[in-house]
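Residues per chain, in single letters:
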Amino acid sequence: MNKPKSDLETNTEGWKAINWRQAERYVFKLQKRIFAANRCGDVKKVRKLQKTLMRSWSNRILSVRRVTQDNQGKKTAGVDGAKSLSPAARLELARELKLTGKSKPTRRVWIPKPESNEKRPLGIPIMYDRALQAVVKSALEPEWEAIFEPNSYGFRPGRSCHDAIRQIKLCIQHKAKFVLDADIAKCFDRINHYELLQKLRIKGQVRRQVKSWLKSGVINDGVFTATSEGTPQGGVISPLLANIALHGLEQHIEKEFPHNNAKHIRKSFSRFGKYVGRPNIIRYADDFVILCEEKAVVQRCREIISEWLAGMGLELKPEKTRLTHTFKDELSEDGKAGFDFLGHHIQQYPAGKHRSSLNQHGEILGFNTIITPNKKSSKAHQEEIGRIIKKHGSSPQSALIRDLNPVIRGWTSFYINSDAKTVGEREHPGFVNG
C-alpha cells in the first residue's frame, strides 16, 4: 500500500512540476502589451495591464525563481538571515507576495571596487523584498522601455556594453571629435527620492511600495541608519530606478542643440563658421560620453548637464570627468588623446595613405579608430592569471587549465569586438590597423 505524501514532498514536486515555459510566455505577452500601450500613449491601459501582471501567479513564481535560483546573490542573506530557500519555501514565498507599502531595512555589505582601493556600499534586501521588487520591476520595465532614450545601454534588456562601444565607434570612425568623458559621483547613493517618485508618474500601492524601499534604511554592524536619498545598490529594482532618474539627459542636450534634417545643429554655420553635426551622448548607467567635432559644443554640454543633474541631487565627478580629443594630443585638456569607457581604450591613430579609414564620401581621413582593452583592465587580468598560476604551483595541469579557462573565456568574450589582437603595436609611432 502506498504511503501518503507529506506536505513537504508535495510542495517540492509542485515547484518542479511548474510549466516554466508557459509562465514565461504569459509574462512576456503581458509585457509586450504594456510596451505597445505606452507607445500609443494609453496610460489607463498601461496601469490596468501592470496591475494584472503584478497579481499573476506566473510573474510571482518567475520572480521567486529569479532571486532564489538564477541570481548570484541567492546565497546572500538580508537582515532576516534567510537564504538558499528550499523548493517548498519558494512556493510559500510566491503565495505570500503582495504590495503592502512596507519593507524591511537592507543589510550593508562593502565590496571592493574593481581597479580601485575604494569600496562600494551594497544594500542587500531580505528575500521577500527581493522577490517583490522583481514582481514590480517586470511590470514597470516595459512601460519605460517604450520611452527610454535610444543611446542608453546600461541595465536594459537586449542591450550590453558591446552595443555602447559599437555606437561610439560609429559616431567617430568618419570624423575625429572632441569628447566629454564623464562619470556621475555616487549616482546610486545620491538620487533625490522626491524627484524620482515624481518622475515615476504612478500612484497608489506601487508608489507607496517603491517609496518604502527607498526609505527602508540600512543596518551596518547592527546600527540602523535612515536613508533620505539614493536607491540601494544590491536591490533588484535599483538599476531600473537609476535609469529612470537619468532618463531625459539625452533629450535635454537635443533641446539645447536642435538639429535639422541633415543632422547639423541649427544655425551652426553662423555660430561656428562651419556646419557642425549634433552632439552624440552615449550612456551606460552612470558613465557617459558626449562626442562632437566642435569643442565649444562639448564645453556647453558639460555646463547644462551639471545643471540638469543638480535637479536630481547629482553631480559630475571632477576627477573622472575630462575633455579630450579622439585623435590629437594637443587638443586634449591633459595633452593625451583618446579616452577609456567600460574597460576599453578608444583612440584614433595616424595611418598610412593606403591603410587609412575613409569617410562617407570615400576620402582618406589619415587615421584609424582603434578600440582595445584599457591599461587598468589589462593589468587586472594579468594579475588574475598570475594569481591562478601561482595558486596551482604543485597542482596537476588539468586543475590549472580548469581554473584558467573561465577567466580567459570571460576576458575574450568581453573584448571580442575590440582590436585586442593589435594591442602590442599601440606604442609604435607607425601603428596601422591591419
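Here the structure is shown first, and the text comes after it.
Residues numbered from 1 in each chain as written. Predicted model: local features only at pLDDT ≥ 70, side-chain atom pairs only at ≥ 80, totals over all residues. Heavy atoms only, no water.

Chemist: Would you mind going over the packing of aromatic side chains with me for this structure?
Modeler: Each aromatic ring pair is characterised by the separation of its centres together with the angle its planes make. Applying the stated criterion across every chain yields a total of six aromatic pairs. An angle of 35 degrees between the planes, with centres 5.9 Å apart, marks the rings of W144 and F148 as tilted. An aromatic cluster is defined as three or more aromatic residues linked by ring pairs; in this entry it consists of W411, F414 and Y415. Above the ring of W20, the side-chain terminus of R65 is found at 4.5 Å from the ring centroid. In this structure, R108 is placed above the aromatic ring of W110, and the distance from its NZ or CZ to the ring centre is 5.7 Å. (Phe/Tyr/Trp six-rings, centres within 6.5 Å; stacked < 30°, edge-to-face > 60°. Lys NZ or Arg CZ within 6 Å of the ring centre and 35° of its normal.)

Chemist: Even after reading the chapter, I still don't get the sheet that holds strand β7 (residues 287-292), so can you show me in this structure?
Modeler: Strand-to-strand pairing in sheets goes through backbone hydrogen bonds, with the strands running parallel or antiparallel. Taking strand neighbours across the sheet as the criterion, the four strands line up as β6-β7-β3-β8 in an open arrangement whose pairing is antiparallel. Each end of this open sheet is capped by a strand with a single partner; those strands are β6 (280-284) and β8 (322-325). Ignoring which end each strand starts from, the neighbouring axes of this sheet average 20 degrees apart. Relative to β7, strand β3 (residues 178-183) runs antiparallel, the two being bridged by six bridges. Across the sheet, the residue bridging to F178 is C292, located in β7. (Pairing = 2+ DSSP bridges. Helix = DSSP H or I, 4+ residues; strand = E, 2+ residues; numbered from the N terminus. Axes fitted to C-alpha atoms, helices over the stretch in contact; angles between N-to-C directions.)

Chemist: What's the story with the environment of D286 in this structure? I'm lost.
Modeler: Tracing the sequence through the fold places D286 in the loop between β6 and β7. Sequence separation between D286 and K45 is 241 residues; the distance between their C-alpha atoms is 32 Å. D286 has contacts with A182, D183, I184, C187 and L246, leaving out every residue within four places of it along the chain. (Contact = heavy atoms within 4.5 Å.)

Chemist: I keep staring at the pairing of strand β10 (residues 344-350) and nothing clicks. Help me out?
Modeler: Counted residue by residue, β10 has six buried out of seven residues, so it is predominantly covered. When strand β9 (residues 339-341) meets β10, the two strands line up antiparallel, connected through three bridges. Within β10, the position partnered with D340 by the bridge is H345. The turn joining β9 and β10, which pair antiparallel and follow one another in sequence, is formed by two residues; a positive phi near 55 degrees is taken by L342. Where β10 lies against strand β11 (residues 367-373), seven bridges are found, and the strand directions are antiparallel. In the sheet register, H345 faces β11, and the bridge partner there is T372. (Buried < 20%, exposed > 50% of the residue type's maximum accessible area, 1.4 Å probe, protein only.)

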